[in-house]
Amino acid sequence: MSASDEPISVLVVEDDPVAADAHALYVGRVSGFRVAGVAHSRSEAVRVLERTRVDLLLLDLYLPDGHGLALVRSLRAAGHSADVIAVTSARDLAIVREGVSLGVVQYVLKPFTFATLRDRLARYADFRAAAGEASGQEEVDRALATLRAPEGGALPKGLSGPTLTAVTRSLRQAPQGLTAAEAGAAVGISRITARRYLEHLVTQGRAARSPQYGQIGRPELQYRWLTAP
């Protein structure tokens, strides 16, 4: 297995033991990720980082022995490049801006569901997987956009951001395209529901559809992801 095939290793930093266990359980349920350790304080997190390879911190900002951003600041000063997803109840936008300047790639506000964290981790994995040289501004913008959750009013009624992310990932990973039935099977939703998400992607100009011939009966629609020109 090459380094690029290895699961993304995550250190959960959370002072509440119950919440820490829940966050670690959530991470372990997301394909492509593994829990490298759990720390309940800033000092414990530093000790784990000294002996364990960590790609991503799932970081609570309010720790018993210092603010989470102080931990990130010290890590950056020491040359540690692990990315950070802040998991916090803090809603102070000044803290958000400071976190962005230190390399916090996502914020997840407590309380949150597994679907919410799964969506953020999936977006982070897509962003991390981007490689090579961008062909232009549009491709750079698209890479950065993978980190952003859909805006509340951007989705039609009945569609959810996490499911849209899952459908999008399955389509992007299928160079030959997918039918609604195949997309539904890959994500764990019905064919009818998958088709609604796929049609939304077509409407947004992110996917194209075409009839799939060579079968008995009515041709089935095939959907494929549209890459940047």
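So, here's what we can say about the structure. In this text, all values refer to a predicted model and were calculated from it rather than measured experimentally. (Residues numbered from 1 in each chain as written. Predicted model: local features only at pLDDT ≥ 70, side-chain atom pairs only at ≥ 80, totals over all residues. Heavy atoms only, no water.)

Inspection of helix α2 (residues 42–51) places A45, V48 and L49 among the buried residues, and these make up the whole buried set. For α2, the buried positions fall inside an angular range of 100 degrees around the axis, keeping them on one side. Turned more than 90 degrees away from the buried face of α2 sit E50 and R51, all of them exposed. Here the buried face of α2 lies against β1 (8–13), β2 (33–39), β3 (56–59) and α3 (68–77). (Buried < 20%, exposed > 50% of the residue type's maximum accessible area, 1.4 Å probe, protein only. Helix = DSSP H or I, 4+ residues; strand = E, 2+ residues; numbered from the N terminus. Arc of directions from axis to C-beta. Contact = heavy atoms within 4.5 Å.)

Spatially, the five strands line up as an open sheet ordered β2-β1-β3-β6-β7, and their pairing is parallel. Each edge of the open sheet is held by one strand with a lone partner, namely β2 and β7 (104–109). Between one strand axis and the next, the sheet turns through 20 degrees on average, direction left out of account. Looking at chain direction, strand β6 (residues 83–88) and β7 are connected through five bridges and run parallel. Bridging across to β7, T88 finds its partner in L109. (Pairing = 2+ DSSP bridges. Axes fitted to C-alpha atoms, helices over the stretch in contact; angles between N-to-C directions.)

Right, let's get into the pattern of salt bridges. Two side chains that carry opposite charge are able to pair once their charged atoms sit near each other. Throughout the structure, instances matching the rule amount to ten salt bridges. For K110, the salt bridge goes to E14, with nearest N and O atoms at 2.8 Å. Of this pair, K110 sits in the loop between β7 and α5 (114–129) while E14 sits in the loop between β1 and α1 (17–28), placing them 96 residues apart in sequence. With relative accessibility at 21%, the residue K110 sits in the partly exposed group. According to the relative accessible area criterion, E14 is buried, its value standing at 1%. Here R73 ties to E98 by a salt bridge, and the two come within 2.2 Å at their closest N and O atoms. Note that R73 is positioned in helix α3 and E98 in helix α4 (residues 93–101), a separation of 25 residues in sequence. Residue R73 is classed as partly exposed on the basis of its relative accessible area, which comes to 39%. Classification of E98 as partly exposed rests on a relative accessible area of 32%. (Salt bridge = Lys/Arg side-chain N within 4 Å of Asp/Glu carboxyl O.)

Moving on, we get to the side chain of D60. With respect to the helices and strands, D60 occurs in the loop between β3 and β4 (62–63). Among the polar contacts listed, one links the side chain of D60 to the side chain of K110, at a separation of 3.4 Å. Non-local contacts of D60, meaning those with residues more than four positions away in its chain, are made with V13, E14, D15, G68, V87, T88 and K110. (Polar contact = N/O pair within 3.5 Å; in protein donor to acceptor, adjacent residues only side chain to side chain.)

Interhelical geometry of α1 versus α5 gives an angle of 55 degrees and a closest axis separation of 10 Å. It follows from the interaxial angle that α1 and α5 lie oblique. For the pair α1 and α5, the sense of crossing is right-handed. Residues H23, Y26 and V27 of α1 touch α5, and the partners they reach there are F114, L117 and L121. Broken down by class, the residue content of the contact of α1 with α5 amounts to five nonpolar, one polar and no charged. (Parallel < 35°, antiparallel > 145°, perpendicular 65-115°, else oblique. Left-handed = near helix turned anticlockwise from the far one by under 90°. Nonpolar A, V, L, I, M, F, W, Y, C, P; charged D, E, K, R; others polar.)

A few words now on the packing of aromatic side chains. Counted under the stated rule, the structure contains two aromatic pairs. For the ring pair Y26 and F114, a centre distance of 5.5 Å and an interplane angle of 55 degrees mean the geometry is tilted. Note that Y26 is positioned in helix α1 and F114 in helix α5, a separation of 88 residues in sequence. Overall, F114 belongs to the buried group, its relative accessible area being 14%. What links up through ring pairs into an aromatic cluster is the set Y26, F112 and F114. (Phe/Tyr/Trp six-rings, centres within 6.5 Å; stacked < 30°, edge-to-face > 60°.)

Residues L11, V13, L57, L59 and L61 are the most contacted members of the largest nonpolar core, which totals 23 residues. If one sorts the elements of this core by residue count, α3 sits on top with four residues. Of all hydrophobic cores here, the second largest spans 19 residues; its members include I8, V87, V108 and A125. (Core = buried A, V, L, I, M, F, W, Y, C linked by side-chain atoms within 4.5 Å.)

Moving on to unusual backbone geometry. With omega at -10 degrees, the peptide bond leading from K110 into P111 counts as cis. Among the secondary structure elements, P111 is positioned in the loop between β7 and α5.

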